[in-house]
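Here are the chains, one letter per residue:
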Amino acid sequence: MTFKRILVSLIVTLHVLCVQAETGSHFKRVLFIIFENTDYETALQQPYFQKLTTQGALLQNMTGMVHPSQGNYLALLGGDFFGVRNDNPVDLDQTNLVDLLEQSGYSWKGYMENYPGNCFKGATSGRYARKHNPFISYTDISNNPTRCAKIQDYVAFKNDVARNSLPNFAILSPNLSDDGHDTGAAYAANWLQQNFDSLFNNANFLQDNLVIVTFDESAGHSGANHIYTVLLGSSVKPGAKSGQPMNQVSLLKTIEDEFGLGDLGRLDSKASALTDIWKQ
């Protein structure tokens, strides 16, 4: 490598480090845990989901963008649901959050319970459902073995927590039983409590982390598509309640702004980031 190329590489690296130092004031890592098909009020009737609203911040005006599930997952990464109003496998030749993250030196992973690995593109495998895995629907991920190797089973999440090596951005999708899709909100709440309560009460785990516990859509396919969403983390005011209108693209915008990523030039370019639940 020539001296000029080394110098350019060093300048780029220093720029990335400076951008990261200037951003990330509220969190350095963000983890989505996404459940399925439940009305806002139904989720709040579950004692554990209700308890989390006292530990973290409740978004009282959070809505899904579309029915059924898949479009909401796609919007979280792509800033749009691209007209997808079904759960059939879809391949999108579109830029996405992964592109922005990698360009700025941030790490990412998808933790998909029961995902079989090896860039699997099938609709289902056991209790795993592709429609709940947005990464695999973007072709610049699914056709890139290095990238799609970062889509892993839920077991990988446990290992990364134990090694204190969670990425800057991650989505965790439980399987069709544990996410409540085939079982209901009570089952989902019980799974979350059993697997995460110790982490949610661990100050070391929450330090510099933002955990977003949310649902993809409401139970019915009419009405406001009002969904439960709670944010937990060291910078979140416990018991805060936000009335700010939010959806999946708004949460994407919050991440883009926090990490200084710019935007994808879609709905995220005009969305408003979350502002009223932080300690400072």
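So, here is what we can say about the structure in this document. Quick caveat: nothing in here was measured; it's all calculated off a predicted structure.

The space that makes up the largest pocket amounts to roughly 200 Å³. Looking at the largest pocket, the residues that line it are Arg29, Asp160, Val161, Asn164, Ser165, Leu166, Leu199, Asn202, Asn204, Phe205, Gln207 and Asn209. Mapped by element, the contributors of at least two residues to the lining of the largest pocket are α8 (154-162) and α10 (203-206). Here the residues of the lining of the largest pocket are counted per class, giving four nonpolar, six polar and two charged.

Right, let's get into the pairing of strand β9 (residues 229-233). Counting buried residues along β9, five of its five residues qualify, which places the element largely inside the surrounding structure. Covered by surrounding structure in β9 are Thr229, Leu231 and Gly233 together with Val230 and Leu232, the residues of both alternating faces. Here two bridges tie strand β2 (residues 57-59) to β9, and the two strands are oriented antiparallel to one another. Counterpart to Ala57 in the pairing with β9 is Leu231. The sheet contact formed by strand β8 (residues 209-215) and β9 spans five bridges and is antiparallel. Paired with Ile212 across the bridge in β9 is Leu231.

This part takes up the packing of helix α4 (residues 70-78) against helix α11 (residues 248-259). Axis separation between α4 and α11 bottoms out at 8 Å; the angle between their running directions is 25 degrees. In this view, α4 runs roughly parallel relative to α11, as classed from their interaxial angle. Of the two elements, α4 crosses α11, and the hand of that crossing is right-handed. Contact residues: Asn72, Ala75, Leu76, Leu77 and Gly78 in α4; Gln248, Val249, Leu251 and Leu252 in α11.

Pairing is mixed across the open sheet formed by eight strands, whose spatial order is β6-β3-β7-β1-β8-β9-β2-β10. Two strands in the sheet have a free side with no partner beyond their single neighbour: β6 (151-152) and β10 (241-242). Sheet analysis places strand β3 (residues 108-112) next to β6, joined by two bridges and oriented parallel. Its bridge partner being in β6, Gly110 is matched across the sheet by Ile151. Where helix α9 (residues 185-200) meets the sheet, its contacts fall on β1 (29-35), β7 (169-173), β8 and β9, and the angle it forms with β1 comes to roughly 160 degrees. Where α11 meets the sheet, its contacts fall on β1, β2, β7 and β8, and the angle it forms with β1 comes to roughly 170 degrees.

This part covers the environment of Tyr115. Following the sequence through the fold, Tyr115 ends up in the loop between β3 and β4 (124-125). Among the residues examined, Tyr115 registers a relative accessible area of 5% and is labelled buried. Each C-alpha atom of the pair Tyr115 and Asn88 lies 17 Å from the other, and the pair is 27 residues apart in sequence. Ignoring anything within four residues of it in the chain, the contact list for Tyr115 reads Phe120, Tyr128, Asn133, Ile136, Cys148, Ile151, Gln152 and Asp153. Separated by 3.3 Å, the side chain of Tyr115 and the backbone nitrogen of Phe120 make a polar contact.

Analysis parameters
- Residues numbered from 1 in each chain as written.
- Predicted model: local features only at pLDDT ≥ 70, side-chain atom pairs only at ≥ 80, totals over all residues.
- Heavy atoms only, no water.
- 1 Å grid on protein atoms, 1.4 Å probe; cavity = no way out; pocket = protein on both sides within 12 Å on 5 of 7 lines; lining within 4 Å.
- Points joined across faces, edges and corners; volume = space filled by probe spheres on them.
- Helix = DSSP H or I, 4+ residues; strand = E, 2+ residues; numbered from the N terminus.
- Nonpolar A, V, L, I, M, F, W, Y, C, P; charged D, E, K, R; others polar.
- Buried < 20%, exposed > 50% of the residue type's maximum accessible area, 1.4 Å probe, protein only.
- Pairing = 2+ DSSP bridges.
- Axes fitted to C-alpha atoms, helices over the stretch in contact; angles between N-to-C directions.
- Parallel < 35°, antiparallel > 145°, perpendicular 65-115°, else oblique.
- Left-handed = near helix turned anticlockwise from the far one by under 90°.
- Contact = heavy atoms within 4.5 Å.
- Polar contact = N/O pair within 3.5 Å; in protein donor to acceptor, adjacent residues only side chain to side chain.

Remember, this is a structural readout, not a statement about activity or role.
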